[in-house]
Amino acid sequence: MTVKQRLPYYLIGLFFGIVMVVFFLDKKSAEFDYLPNSRVLKSIRRKPQVFSSQALQVLNSNKIDSLSINQILKNGNVDIWNKIKLDSCFQYNIKGRDSLKNIMLTVKRCDSFAFIEKIIIE
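Residues numbered from 1 in each chain as written. Predicted model: local features only at pLDDT ≥ 70, side-chain atom pairs only at ≥ 80, totals over all residues. Heavy atoms only, no water.

Caption draft 1: Highlighting the pairing of strand S6 (residues 114-121). Pairing analysis gives three bridges linking strand S1 (residues 49-51) to S6, with the strands arranged parallel. Note that in S6 the partner of Gln49 across the bridge is Ala114. Sheet topology note: the strand S5 (residues 103-109)/S6 ladder contains seven bridges and is antiparallel. When the sheet's bridge partners are listed, Val107 is paired in S6 with Ile116. Connecting the antiparallel pair S5 and S6 is a turn made up of four residues. (Pairing = 2+ DSSP bridges. Helix = DSSP H or I, 4+ residues; strand = E, 2+ residues; numbered from the N terminus.)

Caption draft 2: Region of interest: the pattern of salt bridges. The final tally for this structure, using the stated rule, is two salt bridges. Close ionic contact of Glu122 with Lys95 constitutes a salt bridge, the shortest N to O distance being 2.9 Å. Note that Glu122 is positioned in the segment after S6 and Lys95 in strand S4 (residues 90-95), a separation of 27 residues in sequence. In this structure, Lys108 engages Glu117 in a salt bridge whose closest nitrogen and oxygen atoms are separated by 3.8 Å. Of the residues examined, Glu117 reaches a relative accessible area of 22% and is grouped as partly exposed. (Salt bridge = Lys/Arg side-chain N within 4 Å of Asp/Glu carboxyl O. Buried < 20%, exposed > 50% of the residue type's maximum accessible area, 1.4 Å probe, protein only.)

Caption draft 3: Highlighting the packing of aromatic side chains. According to the stated counting rule, one finds two aromatic pairs in the structure shown. Ring centres of Phe15 and Phe16 lie 5.5 Å apart, and the angle between their planes is 65 degrees; on these two criteria the pair is classed as edge-to-face. Each member of the pair, Phe15 as well as Phe16, is classed as exposed. Taking the ring centre of Phe90 as reference, the NZ or CZ of Lys83 above it sits at 4.8 Å. Note that Lys85 overlies the ring of Phe90, its terminal NZ or CZ placed 4.9 Å from the centroid. (Phe/Tyr/Trp six-rings, centres within 6.5 Å; stacked < 30°, edge-to-face > 60°. Lys NZ or Arg CZ within 6 Å of the ring centre and 35° of its normal.)

Caption draft 4: Representation of the packing of helix H2 (residues 36-46) against helix H4 (residues 66-75) within the structure. Two elements in contact, H2 and H4, have axes whose closest approach is 7 Å; the angle formed by their N-to-C orientations is 140 degrees. As the angle between them shows, H2 and H4 are arranged oblique. Residue-level inspection shows Leu41, Ile44 and Arg45 of H2 in contact with H4, the latter providing Ile72, Leu73, Lys74 and Asn75. Its residues placed into classes, the contact of H2 with H4 shows four nonpolar, one polar and two charged. (Axes fitted to C-alpha atoms, helices over the stretch in contact; angles between N-to-C directions. Parallel < 35°, antiparallel > 145°, perpendicular 65-115°, else oblique. Contact = heavy atoms within 4.5 Å. Nonpolar A, V, L, I, M, F, W, Y, C, P; charged D, E, K, R; others polar.)

Caption draft 5: Region of the structure containing the state of the cysteines. Under the definition given, this model contains one disulfide. Between the sulfur of Cys89 and that of Cys110 lies a disulfide, 1.9 Å long from S to S. Its torsion about the S-S bond being 100 degrees, the disulfide of Cys89 and Cys110 is classed as right-handed. Of this pair, Cys89 sits in the loop between strand S3 (84-85) and S4 while Cys110 sits in the loop between S5 and S6; the two residues are 21 residues apart in sequence, bridging distant segments of the chain. Exposure remark for Cys89: the relative accessible area of 11% places this residue in the buried category. Its relative accessible area of 7% is what places Cys110 among the buried residues. (Disulfide = S-S within 2.5 Å.)

By themselves, these figures tell us nothing about what the structure is for.
Have a look at this one:
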């Protein structure tokens, strides 16, 4: 068989292979978090979140709901280059996107929990 005769078989097999992989990974709800921003946000979301009294006060006084905080922790921009290493924690500044771009969180990511220390509204 020549290359021209093999090419349609290859393309058909490639197509069905891609459809099968997409079908199985969609059922598993697989996430591909390889970039540093995504990895930090995912690790913060997976830990129990504890709010400081200052953060709770800002939430209550500005009528910000927990859905907005969760949206920032899912799609926010993490300032990776200015992280601060504390005892067993790292401190990150996370800025919201789109309609939440005026909100910035200061989060300490520890081994067993995520401590939301400050909420700054610009």
